[in-house]
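# Tertiary structure, described
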Amino acid sequence: MTRNHLILMMLSLLVVMICTTNGTFIKKPGYCTMYDECAVNDQREKNVNCFYNKPAKLLNDSQGLDIIQEFCPYLYNGTNTVTCCSTNQLISIKDNMKLPYQLLSRCPSCFRNFVAIFCEMACNPNQSMYTNATLVNNTIGTPGYTPISGKNGTFVKELGYTINEDFATSMYDSCKDVINPQTGSPSVQLLCGTSNCDPHTLLTYLGFYGNGQSPFQITMQFQKDKGMNYTATPCSSGYAITGDGPCGCADCPSTCPTPPKSPVTVPWKFDIDAYYAIMILVFFLVVTLLNVVVYFIALNHIKNNNSSVLIRDVINSDLGNPQNGNGNKIENGGGKVIINDDDVDASSGCVDKIRMFVGRFLYKVFRSIGTYSAFNPIKVLLMGCLVVLICGCGFTKMQITTDPVELWSSPSSDARINKKYFDQHFGPFYRTEQMIITAPKSNSSDYTDQNGNVHTFGPILQKDVLHEILNLQNQVFAIRAKYNGHNVTLNDICLQPLSPHNNDCGTMSVVNYFQNNHTTIDMTDDFFTTDYHDHLMACVSGPESVDDGTELHLSCMGSYGGPIFPWVALGGFNSKNYINSSAAVVTIPVVNYYDDDDKVQKAMAWEKKFVEFMKNYTSDPNSNLSVSFSSERSIEDEINRESSADISTILLSYIIMFAYVAMALGRLRGCTFKRFLIELQLTVGLAGVIIVFFSVIMSLGIFSYCGMPITLIIAEVVPFLALAVGVDNIFIIVNHYHRDHRRTGETREEQLGRVLGEVAPGIFMSALSETIAFFLGGLSTMPAVRTFSMFAGLAVFCDFLLQCTCFVAVLSLDARRKEAGRYDCMCCLQTSELEENKTDGYLYYFFKNYFAPTVLHKYMRLFVLYIFIGVACFSAANLHKVEIGLDQSLSMPSDSYVLDYFASMNKYLSTGAPVYFVVKDGQDYAHDKGANEICGGVGCNNDSLVSVINMESYRANYSTIAYPASSWLDDYYDWLKPLSECCRYNKTSETEQFCNASVKSDDCTTCRTLLEIRAQPRPDQKEFMDFLPWFLTDNPGVDCSKGGHAAYGSAVNIIDTKQVANKSQLNTTVGATYFMTYHTIARDSASFISCLEQANRIAQDISEELDVDVFPYSIFYVFYEQYLTIVQDTYTNLLISLASIFVVIFFLLGFDFFSAFFVVLTIAMITLDMFGVMYLWNIPLNAVSLVNLVMAVGISVEFCAHIASGFAKSGGKTRIQRAHDSLAEQGSSVMSGITITKFAGIFILAFSKSQIFQIFYFRMYISVVLLGATHGLIFLPVLLSYFGPSRRKQSQRSYEALNDDSQPFTQFLNSQSDA
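Here the structure is a predicted model, which means the values were calculated and not measured. (Residues numbered from 1 in each chain as written. Predicted model: local features only at pLDDT ≥ 70, side-chain atom pairs only at ≥ 80, totals over all residues. Heavy atoms only, no water.)

## Observations concerning the overall build of the protein
A count of helices and strands for the protein gives 46 helices and 31 strands. Counting the 1315 residues in the protein, one finds 57% classified as buried. For the protein, long-range pairs separated by at least 24 residues make up 73% of all intrachain contacts whose partners lie at least 6 apart in sequence. Total accessible area computed for the protein in this model is approximately 54,000 Å², and 57% of it derives from carbon and sulfur atoms. (Helix = DSSP H or I, 4+ residues; strand = E, 2+ residues; numbered from the N terminus. Buried < 20%, exposed > 50% of the residue type's maximum accessible area, 1.4 Å probe, protein only. Contact = heavy atoms within 4.5 Å. Areas by Shrake-Rupley, 256 points an atom, 1.4 Å probe, with all protein chains shown as cover.)

And the structure:
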């Protein structure tokens, strides 16, 4: 070292020592602390300022004056401008303001306030009043700094900068809500270095040398009474100097109209739930009214008949029937109510004649059919089999629908129409392969940054865990599948947002912050003070950063060239404290196709291998990661697996029901084994079951001919329904035949015909009621309900036709066999065993002698009514508590890996599904009026689409909108601004060619000049359409973060149109576009439904307010739209079914209003009680349960209609006697035909592995049978015993004739006809 060098070093040290002493600074107006640039920071490649504690200088350079007029206009004073900054400094300020300009210039007030921080620090002539050079060095002896030629080399290495608290707060307030349109997050987060930003944090980070951008350390100091106190402009005010207007509503909530308050639902409660209070009141009112009506009718009866009968005797006998339909008088005879038959032959009224006509007509028709079938059994069976065979050939055209969209969403529904529009214009929503990863063997750790702040990193963000996640991710990408003889890898099918410039998959993963590179995860700075912790903290705060601002200078962009959103890639964090996450979420989007099934199958082939690999991986006990996973095909695969697994359970259920039917139809009486074999009737039972399934085949075949697809619900429910209805009818026919006595001179075939004539009208009434009710249910817009209703209606009617023909033919053959003494199932064997006398069956005996008398006991009847009315009131009180929706987990097998995935989703995911607000074709974006209706920046309407969505995000708990919307239009305007230097073209080429911001060439010039911007801030129509394709293909980078390729490449449709004036010249216009945001996390059906409701509300408000055609779209809308109207659909379907049942019963019973009314009332109570069961047993209302409710109405007809029909036709003298006869005759058949049969089969469903079978089939089916049986066999007979219709004119004579063996019933009917 020479003597001169030593002297120079000592002088430099002296300068440093002097300059670090505050007392040596001159602090007064007009004096500077720094001026010009005299060295280069070699590490940052940025210039540092010269130390200069002298008066400010005159700025007379034209370039400098232009820049200061642009960025610091309040300091500009023409040629008399005095500043503490040189032109070189101003050029550096301009270069350093590119990123803030791109992020903040959409809000002019914010940007001006932000730039003022640096204008005041570098250029204000009073700079020395609030700055202090705390460390001054010389380039000589200071490694890492290169002197600038011609400068003295003394530079400021550390600067103290005192800022007034008022400015810090007001500046931050003007910027805190400025949105980055690409991410929907506040832009200041990127400039703040953390998501937990505030005024001090923002300004401190801007000056922090460790942010990777500042050329020297700027230590911010905040004081209330002194310091730099530039008057910040609020975001709601314009910037007067430049004439810029206030910020838009999207960036400045104070400029927005006051949003409506979120509605708050306050439950109406006293000490008990208000619904309970109301229904308790209703119960007592109904009971009181019932008692009053009964009392006054009885009292009126006594007065009209001048009788001294006690009121209680009238009530307990034949309430309020002074003429009893026959003109019969009720008189007191020894204290008992008796019937006087003197007027039994009184002339009939019009209604009675109609009833007799309908009865005679139906009797003749069905007697003829039955007699023909009994005389010609072989011919009838062959014809029946031929018809079934012809219908069954329709199976060759059968289509099976398993697509959930086709099952649950109507093609004419808004969600389906919107989905189709979205798929056609933007492509189908991508297929999703997802892994949710936790590290149970890892723990959280604390990390201290360079500022001394301690940060807690979650267990999933430890370095070794990140390496293991990356290893797993690489293994997934290495999976190969075979399709049509070719290898398929993930890169062949995945979504590549920046293709063809970048062919990496758009994987959302925390390790993609490190570009999926192990080396990058391990990277540190030269002094090991900065590592992956700092990079992660920077990236979760600014995921779109191309430089993380740390000493590592790494990009936060994923390897595919786009941002990795922390709320998507991480889970299990509190609020926005992403680094404390407990789960990592790896999401790999795979391209979906609208009309290319081959490519979809190609993707599904890879997904199959992915599922196999993940199953093996998760079963490895040595893995440190716990992974739950799902692919796009997982749910459908698991549903199919579940259906296959439950086939054996369903078959066993049906086999048990078949076996019972076959056994129960026989009359197992007598003590000899030979007699037992004769009476067994297994063949009849088996034939009856086969006929039921023939009816199902006919229904499926006929509708297959018509091109109607079959669903799994049809295959599972329709056979059950057909069996319930068919078996009941079989038991009624067989039991009536068993109890019937052959009339004198009547053949066996005539007896069968007569029996059918007697019972078939009731069966026909039930079948027709059910058929019409089901067909009307086909009016539903829900595909699953509509198809079930149509198939069920036709199956029931086909079943009825086959029973009236083929089953009677089988019964005729079986009667011949029994009379010939041949064994059942072994017709070739014959015995001489004599036929025993006919006796009543055990069940009939029980109903006649025990059950009916008990139910109709005088003390029991009112008690029954009270109990059933009370249960109905309880069910009504809980109607609103029945949940709506279908939890996805219920559709999965209990051992499915997808259940683990659902559990992890609910536990760890914090952001919901993306939602797209689609603006249809026709919106004019190229002119201000149309653009202002959409955009969210300066000059845009306060009620624009973007502004409204952003406002809704501020009340996310109500609106379910989690983040402001990404806006291609606002980013496009920012991209066009000349100071951003994003939009440039080569001015030397013959045709204008786009220059990416990364191209450094003097031949490239900005698309619009500053003069053009000042004259017209927005582009004209031609410029708008000329530059838009460049924006949509520009990849974001270090020099321009606003490139739209990654974020908006598929968001904008550009349409070629021909001008009218010159048809050969093509013009372009903007077609359909979308603006994307995210829903809040939805963890149950109610949350998903709320998301859909709120999105529809927002879109409707925007459309109505702005006359813009907007609709929302998200992937789950098509599945949940049904729940928006399912309550109305349920009421509509059930009411239509009940109305049709009423009409059919009313007409077929000969205008019998009361019978029809009481049947419908009973069915309505059964249905109402089903809702009570659904509440108590946690069965939600959805398409599956709605189908079961419609089915319940149909089965309830079987429980009720036969009882009502038997009551109406009974010849008993009192209502109680008629109710007793009906209950004994029909009740035993209903009990054996439906109740016991179904109990046997339904019980097996309880052991199904499928949750959906246990809940929606076992629970609902068992409830239908129990409620139907109790209402049909207890409530309805009691109700009829009080208020049933009067006895018909012919009932007494019919009743006597039916019990008179001396006169065949046919002769009696003929006598009635002659009369």
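So that's the structure; there's more coming.
## So, the side chain of K1042
Relative to the helices and strands, K1042 is located in the loop between helix 36 (1021-1033) and helix 37 (1045-1048). Apart from residues lying up to four places away in sequence, K1042 is in contact with Q102, L103, N180, P181, Q182, D971, D974, W975, C982 and F1031.

## Brief notes about the state of the cysteines
Two cysteines, two sulfur atoms, one covalent bond between them: this is a disulfide. Applying the stated criterion to the full structure yields 14 disulfides. C32 shares a disulfide with C84; S-S distance 1.9 Å. One disulfide, between C32 and C84, carries an S-S torsion of -85 degrees and so falls in the left-handed class. Here the residue C32 occupies a position in the loop between helix 1 (3-19) and strand 1 (34-41), and C84 occupies one in the loop between strand 4 (82-83) and helix 3 (87-96), the gap between them amounting to 52 residues. We classify C32 as buried; its relative accessible area is 0%. Across the disulfide from C539 sits C556; the S-S distance is 2.1 Å. In this structure the cystine formed by C539 and C556 twists about its S-S bond by roughly -85 degrees; its chirality is therefore left-handed. One end of the pair, C539, is in helix 18 (residues 532-541); the other, C556, is in the loop between helix 18 and helix 19 (566-569), and 17 residues separate them in sequence. In terms of burial, C539 and C556 fall into one category: buried. (Disulfide = S-S within 2.5 Å.)

## Observations regarding the packing of aromatic side chains
This structure, assessed with the given rule, holds 69 aromatic pairs. Measuring from ring centre to ring centre gives 6.3 Å for F357 and F361, while their planes differ by 20 degrees; the resulting arrangement is stacked. Here F361 and F357 lie together in helix 11 (residues 350-375), a separation of four residues that amounts to about one turn. With relative accessibility at 49%, the residue F361 sits in the partly exposed group. Taking the centre distance of 4.7 Å and the plane angle of 45 degrees together, the rings of F847 and F851 count as tilted. Of the two residues, F847 and F851 are both situated in helix 28 (residues 842-855); the distance of four residues between them amounts to about one turn of the helix. Put simply, the rings of Y972, W975, F994, F1024, F1027, W1030, F1031 and Y1048 touch in pairs and so form one group of aromatic residues. (Phe/Tyr/Trp six-rings, centres within 6.5 Å; stacked < 30°, edge-to-face > 60°.)

## Comments concerning the sheet that holds strand 27 (residues 993-995)
Overall, antiparallel pairing links the three strands, which are arranged 27-26-28 in an open sheet. Across the chains shown, the open sheet's two edge strands, defined by having one partner strand only, are strand 27 and strand 28 (1004-1006). Averaged over all adjacent pairs, the angle separating strand axes in this sheet is 45 degrees, with direction ignored. (Pairing = 2+ DSSP bridges. Axes fitted to C-alpha atoms, helices over the stretch in contact; angles between N-to-C directions.)

## Examining unusual backbone geometry
Omega for the bond connecting S499 with P500 falls within 30 degrees of zero, at 10 degrees, which places this linkage in the cis form. Relative to the assigned elements, P500 resides in the loop between helix 16 (490-493) and helix 17 (518-522). Within the chain, E981 stands out as a residue other than glycine whose phi angle is a positive 55 degrees. Assignment of secondary structure puts E981 in the loop between helix 34 (968-976) and strand 26 (984-986). According to the relative accessible area criterion, E981 is partly exposed, its value standing at 28%. Even without a glycine there, the phi angle at N1178 is positive, about 55 degrees. Following the sequence through the fold, N1178 ends up in the loop between helix 41 (1153-1176) and helix 42 (1183-1209).

## Examining a nonpolar patch on the surface
There is a patch of nonpolar side chains on the surface, built from V351, V1143, F1147 and F1151 and spanning about 310 Å² of accessible area. Note that V1143 resides in helix 40 (residues 1126-1148). (Patch = residues over 30% accessible without salt bridge, like charges linked within 9 Å, V, L, I, M, F, W, Y side chains within 5 Å. Salt bridge = Lys/Arg side-chain N within 4 Å of Asp/Glu carboxyl O.)

## Points about the side chain of S695
Turning to its location among the elements, S695 is positioned in helix 24 (residues 682-705). Under the relative-accessibility criterion, S695 is labelled buried at 0%. Dropping the residues within four chain positions of it, S695 is found in contact with A722, A795, C798, D799 and L802.

## Here's the deal with the environment of P411
If you trace the backbone, P411 turns up in the loop between helix 13 (404-408) and helix 14 (414-426). In this structure, the C-alpha to C-alpha distance between P411 and M782, residues 371 residues apart in sequence, is 9.2 Å. Those residues in contact with P411 that sit more than four places away from it in its chain are R416 and I417.

## A closer look at the packing of helix 29 (residues 858-877) against helix 41
With their axes 8 Å apart at the nearest point, helix 29 and helix 41 run at an angle of 55 degrees to one another. On the basis of their axis angle, the class for helix 29 and helix 41 is oblique. When you trace helix 29 past helix 41, the crossing you get is left-handed. Every residue of helix 41 that contacts helix 29 at F868, I869, V871, A872, F874, S875 and A876 is listed here: M1165, L1168, D1169, G1172, Y1175 and L1176. The class makeup of the residues in the contact of helix 29 with helix 41 is ten nonpolar, two polar and one charged. (Parallel < 35°, antiparallel > 145°, perpendicular 65-115°, else oblique. Left-handed = near helix turned anticlockwise from the far one by under 90°. Nonpolar A, V, L, I, M, F, W, Y, C, P; charged D, E, K, R; others polar.)

## Observations concerning the environment of H738
You can see H738 is positioned in helix 25 (residues 712-739). Once the C-alpha coordinates of H738 and L665 are considered, the two residues, 73 residues apart in sequence, prove to be 9.9 Å apart.

## Let's talk about the pattern of salt bridges
Applying the stated criterion across every chain yields a total of 28 salt bridges. Notably, a salt bridge pairs E749 with R816, separated by 3.8 Å at the nearest N-O pair. Taken together, the residues span a long stretch of sequence, with E749 in helix 26 (residues 748-777) and R816 in helix 27 (residues 783-819) at a distance of 67 residues. By relative accessible area, which is 8% here, E749 ends up buried. Several salt bridges converge on common partners, so that one network encompasses D740, E746, R754 and E758.

## Let's talk about the nonpolar core
For soluble globular proteins, nonpolar side chains are generally found buried alongside one another. Membership of the largest hydrophobic core comes to 300 residues, with the highest contact counts inside it found for M435, V476, F788, W968, W975, F1024 and L1028. Considering each element in turn, this core owes the most residues, 21 residues, to helix 44 (residues 1251-1283). The residues contacting L1028, other than those within four sequence positions of it, are W968, Y972, V1052, I1054 and V1070. One finds F51, I93, Y101 and V115 within the second-largest nonpolar core, a separate group that totals 68 residues. (Core = buried A, V, L, I, M, F, W, Y, C linked by side-chain atoms within 4.5 Å.)

## Things to note about empty space enclosed by the protein
Over the atoms, a rolled probe matching the size of one water molecule traces out where space is still vacant. Within the structure shown, the criterion is met by five cavities of 30 Å³ or more. If you go around the second largest cavity, the residues you meet are Q182, T183, G184, F565, W567, Y963, P964, S966, M1076, T1077 and Y1078. In terms of residues, the lining of the second largest cavity owes the most to one element, strand 30 (residues 1066-1080), which gives three residues. When grouped by side-chain class, the residues that make up the lining of the second largest cavity number six nonpolar, five polar and no charged. (1 Å grid on protein atoms, 1.4 Å probe; cavity = no way out; pocket = protein on both sides within 12 Å on 5 of 7 lines; lining within 4 Å. Points joined across faces, edges and corners; volume = space filled by probe spheres on them.)

## Notes on the pairing of strand 20 (residues 583-590)
The element strand 20 is extensively covered by neighbouring structure, given that eight of its eight residues are classed as buried. On strand 20, burial covers both faces: A583, V585, T587 and P589 on one face and A584, V586, I588 and V590 on the other are all buried. By the bridge criterion, seven bridges tie strand 14 (residues 431-438) to strand 20 in an arrangement that is antiparallel. Its bridge partner lying in strand 20, T432 is registered against P589.

## Description of the pairing of strand 25 (residues 911-919)
Burial analysis of strand 25 places eight of its nine residues in the buried class, which makes it a mostly covered element. Taken together, the four bridges between strand 25 and strand 31 (residues 1110-1113) define a ladder with antiparallel strand orientation. Bridge pairing links V918 to F1111 in strand 31.

## Here's the deal with helix 28
Compared with an ideal rise of 1.5 Å per residue, which puts 14 residues at 20 Å, helix 28 spans 18 Å between its outermost C-alpha atoms and is within 8% of the ideal. For helix 28, the principal kink sits at K848 and spans about 40 degrees. (Expected span 1.5 Å × (residues − 1). Bend = angle between axes of the 7 residues up to and from the residue.)

## Focus: the confidence of the model for the protein
When pLDDT is low, close inspection of the predicted coordinates is not appropriate. Model confidence for the protein is summarised by a mean pLDDT of 83, while 87% of its residues fall at 70 or above. This stretch, residues 1-23, has a pLDDT under 50; its non-local contacts, to residues over four places away or in other chains, come to 19 contacts. In the predicted structure, residues 1059-1066 sits below a pLDDT of 50 and forms seven contacts with residues beyond four places in sequence or in another chain. (pLDDT = per-residue confidence, 0-100.)

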